[in-house]
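Notes for the structure review
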Amino acid sequence: MTQEEVRTLKVGDLVAWKDPDTGATTFEVVTENDCMSQYDPIHVQLRTIAVLEDPDDEYSVGDEGFIHNHNCVCLEKIA
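Since this is a predicted model, take the numbers as computed values, not measurements. (Residues numbered from 1 in each chain as written. Predicted model: local features only at pLDDT ≥ 70, side-chain atom pairs only at ≥ 80, totals over all residues. Heavy atoms only, no water.)

**Examining the side chain of Arg7**
Condition: A run of DSSP states H or I qualifies as a helix once it reaches four residues; a run of E qualifies as a strand once it reaches two. Both are numbered from the N-terminal end. In this scheme, a residue with accessible area under 20% of its type's maximum is buried, one over 50% is exposed, and one in between is partly exposed, where area comes from a 1.4 Å probe on protein chains only. Neither His nor the chain ends is counted toward charge; the positive residues are Lys and Arg and the negative residues Asp and Glu. Think of a salt bridge as a Lys or Arg side-chain nitrogen and an Asp or Glu carboxyl oxygen that are within 4 Å of each other. By the criterion applied in these results, polar contacts are pairs of N or O atoms within 3.5 Å in which, for protein atoms, one can donate a hydrogen and the other can accept it, and in which residues neighboring in sequence qualify only through two side-chain atoms. Contact criterion: two residues are considered in contact whenever any of their non-hydrogen atoms come within 4.5 Å of each other.
Looking at where Arg7 falls in the secondary structure, it is placed in helix H1 (residues 3-7). Glu4 is the oppositely charged side chain nearest to the buried, salt-bridge-free Arg7, at an N-O distance of 5.9 Å. A polar atom in the side chain of Arg7 sits 2.9 Å from the backbone oxygen of Asp40. If we skip the residues at most four places from it in the chain, Arg7 touches Asn33, Cys35, Ser37, Gln38, Asp40 and Ile42.

**A short note on the side chain of Glu28**
One can find Glu28 in strand E2 (residues 25-33). In this structure Glu28 is buried but unpaired, with Arg47 as the nearest side chain of opposite charge at 8.2 Å. There is a polar contact of 2.5 Å between the side chain of Glu28 and the side chain of Thr26. For Glu28, the residues in contact, after removing those within four places along its chain, are Asp13, Leu14, Val15, Trp17, Leu46, Arg47, Thr48 and Ile49.

**Observations regarding the pairing of strand E3 (residues 44-53)**
The following threshold applies: A pair of strands counts as paired when DSSP detects no fewer than two bridges linking them.
The pairing of E2 with E3 spans eight bridges and is classified as antiparallel. Each bridged residue has a counterpart across the sheet, and for Glu32 the counterpart in E3 is Gln45. Where E3 meets strand E4 (residues 64-67), four bridges bridge the pair, whose relative direction is antiparallel. Bridge assignment links Val44 to a residue of E4, and that residue is Ile67.

**Looking at the pattern of salt bridges**
Going through the model one piece at a time under the given rule, you end up with two salt bridges. Measuring nitrogen to oxygen at the nearest pair gives 3.6 Å for the salt bridge that ties Lys77 to Asp13. In this pair, Lys77 sits in strand E5 (residues 75-77) while Asp13 sits in the loop between H1 and strand E1 (14-18), placing the two residues 64 residues apart along the sequence. The class for Asp13 is buried, based on a relative accessible area of 13%. The partner of Glu64 in a salt bridge is Arg47, with the nearest N and O atoms 2.8 Å apart. In this pair, Glu64 sits in strand E4 while Arg47 sits in strand E3, placing the two residues 17 residues apart along the sequence. On the basis of relative accessibility, which here comes to 58%, the residue Glu64 falls in the exposed class.

Right, here's the structure in full:
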């Protein structure tokens, strides 16, 4: 996703996370979006709702995560 796409996410939107280092893949739901303007730093809270692939066994359903300015490209909106 681009930073502009991340700024438009709403609570309840679903995104897929692909870990660039391990190849792990999870589905996440947006729980909060604190992006107020195009100039503010990106901060979107996520909660893991499904772990599809996890070679290093490091992700669990219910984990909290976030999107920031540098990890946007590792996410894709799915719904």
